Amino acid sequence: MILVTGGAGFIGANFVLDWLAVHDEPVINVDKLTYAGNLDNLASLQGDARHVFVQGDIGAPALINGLLNQHQPRAVVNFAAESHVDRSIHGPEDFIQTNVLGTFRLLEAVRGYWSGLDGSALDAPAKSKFRMLHVSTDEVYGSLAASEAAFTEQHRYEPNSPYSASKAASDHLVRAWHHTYGLPVLTTNCSNNYGPFHFPEKLIPLMVVQALAGKPLPVYGDGQQIRDWLYVKDHCSAIRRVLEAGTVGEVYNVGGWNEKPNLEIVHTICALLDELKPRADGASYATQIAFVNDRPGHDRRYAIDARKLERELGWKPAETFETGIRKTVHWYLDHPEWVARAQSGAYRDWLNTQYAPA
Ligand code: NAD
Ligand code: DAU
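Now for a look at the structure at hand. All values reported here derive from a predicted model rather than from experimental measurement.

**A closer look at the overall build of the protein**
A count of helical and extended segments in the protein gives 13 helices and 12 strands. Against the globule reference of 21 Å for 358 residues, the protein gives a C-alpha radius of gyration of 20 Å, in line with a compact fold. Considered along the principal axes of its C-alpha atoms, the protein spans approximately 65 × 50 × 40 Å. The buried share among the 358 residues of the protein stands at 53%. Within the protein, contacts between residues at least 6 apart in sequence are counted, and of these 81% link residues at least 24 apart.

So this is what it looks like as structure tokens:
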């Protein structure tokens, strides 16, 4: 049994589905169901006794303590977070609440369970095998100049947005709980993910759904900012591998060596849509591209050096960017109901406030 937090979100849901496709080991999935949490992502697990969903907050100690003691998981994998940089700029408080305070409270609950302080009685073998894996981001390392080498695990922390600062704080708490209390933690810092169930506020799914709706494709600033892209299922396999064989207290970068400027990503998506679902008027979707005001404090370039994970644990991504983006665009074309439901309510209100022309 493992306990996953944030397993109704984009990566967490992919992880739970992936885990149960390769293991029979049950999952307790605790998710607050914020605007980003979506039970549609887990619909294929309905009736599957290996998956137990609990709506709840990682910052609620009584709930988390109760679940740990009741289910006695051998591992906790923490995906729960506020994840969108733009939202963190407009309203940072939820990010501090969940990513900082929530992680702190989760760590305390897990420490109580693991150490027996809360009255739980993990026997010595269970205690020594227990792991807490904290899922984090490359954004904690800040922004790279064009000439700089990709981020290694030794790169200094230089977070620039409220989101990345809150994730950096959570990483430091995880590190400290290991150093001070001996909690058996693992941390992964991954590059930009994309794939099925990606909430359409993020670049790739947003461009697909805006294009199909005949709406502008908002590119921030000059569109030459670089992100390093990884297909979400490759992130899931990396987390499984780190959980299985990672050295306690270590940090592992996760990435697929796929640096791309944003504008190139948008053009790639347009070309795929031109091929797979051509516009009725015969024009390219690229005609919908609109340059808009830049994101304040926008990091120029991220790039992940994932050689430690490959060298020490033998992990490699299965998808190239070309195969992964084609699968992704197909997935969105095949799931219009998922898109429509994800786009309802609060999401639409938020999106409508966003894009001022440059
Ligand atoms: P997401 O926003 O799609 O999902 C986050 C999930 O956490 C949602 O289901 C939400 O309901 C849940 N949640 C939020 N606050 C909670 C709380 N207080 N208690 C319990 N559940 C809560 O995010 P994602 O893109 O799936 O990211 C998952 C994790 O991976 C995050 O920690 C993020 O920082 C990290 N990460 C994301 C990427 C990426 O490209 N998306 C890359 C690297 C790391
Ligand atoms: O690097 C990992 C991070 O990747 C994760 O930690 C975050 O949770 C995740 O949201 C993502 O952050 P980004 O800010 O890189 O992702 P986003 O999809 O919001 O933006 C990707 C790039 O595209 C970024 O340079 C901003 C730009 N962009 C984004 C949107 C939504 C646009 O140009 N137009 C847009 O409409």
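**Concerning the sheet that holds strand β7 (residues 192–194)**
Taken in spatial order, the three strands line up as β7-β9-β11 in an open sheet, and their pairing is mixed. Each edge of the sheet is formed by a strand with only one pairing partner; in this case those strands are β7 and β11 (259–261). Averaged over all pairs of adjacent strands, the angle between strand axes in this sheet comes to 50°, irrespective of strand direction. Sheet contacts for helix α8 (residues 232–245): β7 and β9 (226–231); angle to β9, the most-contacted strand, approximately 70°. Taken strand by strand, helix α9 (residues 262–276) contacts β9 and β11, and its axis lies near 85° from that of β11.

**Re the packing of aromatic side chains**
Per the stated rule, a full pass over the model turns up 18 aromatic pairs. Seen from their ring centres, Y332 and W338 are 6.0 Å apart, and the 80° between their planes marks the pair as edge-to-face. Of the two residues, Y332 and W338, both sit in the buried class. Within the aromatic cluster, the residues linked to one another by ring pairs are Y141, F151, Y157 and Y302. One residue, R111, lies across the ring of Y181, its end atom 3.7 Å from the ring centre.

**Digging into the environment of R131**
Here R131 lies in strand β5 (residues 131–137). Sequence-wise, R131 and G47 are 84 residues apart; in three dimensions their C-alpha atoms are separated by 28 Å. The contact partners of R131, leaving out residues within four places of it in the chain, are R74, A75, V76, P184, L186, L243 and V248.

**Examining the site of ligand 1**
Ligand 1 sits among 28 residues. The nearest are I11, D31, S83, Y163 and K167. Here an oxygen atom of ligand 1 and a side-chain polar atom of Y163 are 2.6 Å apart. Contacts to ligand 1 include N193, whose backbone N or O atom sits 2.9 Å from an oxygen atom. Starting from 840 Å² of accessible surface for ligand 1 in isolation, the protein chains cover 96%. Residue assignment for the shell around ligand 1 shows that the elements contributing at least two residues are α1 (10–22), β5, α6 (162–181) and β7.

**Regarding the pattern of salt bridges**
This structure, assessed with the given rule, holds 22 salt bridges. In this structure, the salt-bridge partner of D57 is K32, at a minimum N-O distance of 3.4 Å. Note that D57 is positioned in the loop between β3 (51–55) and α2 (61–71) and K32 in the loop between β2 (27–31) and β3, a separation of 25 residues in sequence. Judged by its relative accessible area of 25%, D57 falls in the partly exposed class. The residue R300 makes a salt bridge to D222 at a minimum N-O spacing of 2.8 Å. A residue pair is termed long-range when its members are at least 10 positions apart, and R300 in the loop between β12 (289–292) and α10 (307–313) and D222 in the loop between β8 (217–220) and β9 qualify at 78 residues. What makes R300 partly exposed here is its relative accessible area of 39%. A residue is classified by how much of its surface remains accessible, and D222, at 37% relative accessible area, is partly exposed. Salt bridges here are not isolated pairs; linked through shared partners, they connect D24, D48 and R50.

**Here we look at the pairing of β2**
Each regular strand displays side chains that alternate between the two surfaces of the sheet. Counting buried positions over the five residues of β2 gives five, a clear majority of the element. Here β2 shows two buried faces, one formed by V27, N29 and D31 and the other by I28 and V30. Sheet topology note: the strand β1 (residues 2–5)/β2 ladder contains four bridges and is parallel. Its bridge partner lying in β2, L3 is registered against I28. Inspection of the sheet shows β2 paired to β3 by five bridges, in the parallel sense. Counterpart to I28 in the pairing with β3 is V52.

**Details of the layout of surface pockets**
One number sums up the size of the second largest pocket: a volume of about 380 Å³. Lining the second largest pocket are 19 residues, and of these E153, R175, G249, E250 and V251 lie nearest its centre. Of all elements in the fold, only α6 and β6 (185–190) reach the threshold of two or more residues within the lining of the second largest pocket. Element by element, the count of residues in the lining of the second largest pocket is highest for α6, at six residues. Here the residues of the lining of the second largest pocket are counted per class, giving six nonpolar, eight polar and five charged.

Parameters and conventions
Residues numbered from 1 in each chain as written. Chains lettered and ligands numbered in written order. Predicted model: local features only at pLDDT ≥ 70, side-chain atom pairs only at ≥ 80, totals over all residues. Heavy atoms only, no water. Helix = DSSP H or I, 4+ residues; strand = E, 2+ residues; numbered from the N terminus. Rg over C-alpha atoms; globule rule 2.2 N^0.38 Å. Buried < 20%, exposed > 50% of the residue type's maximum accessible area, 1.4 Å probe, protein only. Contact = heavy atoms within 4.5 Å. Pairing = 2+ DSSP bridges. Axes fitted to C-alpha atoms, helices over the stretch in contact; angles between N-to-C directions. Phe/Tyr/Trp six-rings, centres within 6.5 Å; stacked < 30°, edge-to-face > 60°. Lys NZ or Arg CZ within 6 Å of the ring centre and 35° of its normal. Near = heavy atom within 4 Å. Polar contact = N/O pair within 3.5 Å; in protein donor to acceptor, adjacent residues only side chain to side chain. Areas by Shrake-Rupley, 256 points an atom, 1.4 Å probe, with all protein chains shown as cover. Salt bridge = Lys/Arg side-chain N within 4 Å of Asp/Glu carboxyl O. 1 Å grid on protein atoms, 1.4 Å probe; cavity = no way out; pocket = protein on both sides within 12 Å on 5 of 7 lines; lining within 4 Å. Points joined across faces, edges and corners; volume = space filled by probe spheres on them. Nonpolar A, V, L, I, M, F, W, Y, C, P; charged D, E, K, R; others polar.

Function cannot be inferred from these measures alone, as they are strictly geometric.
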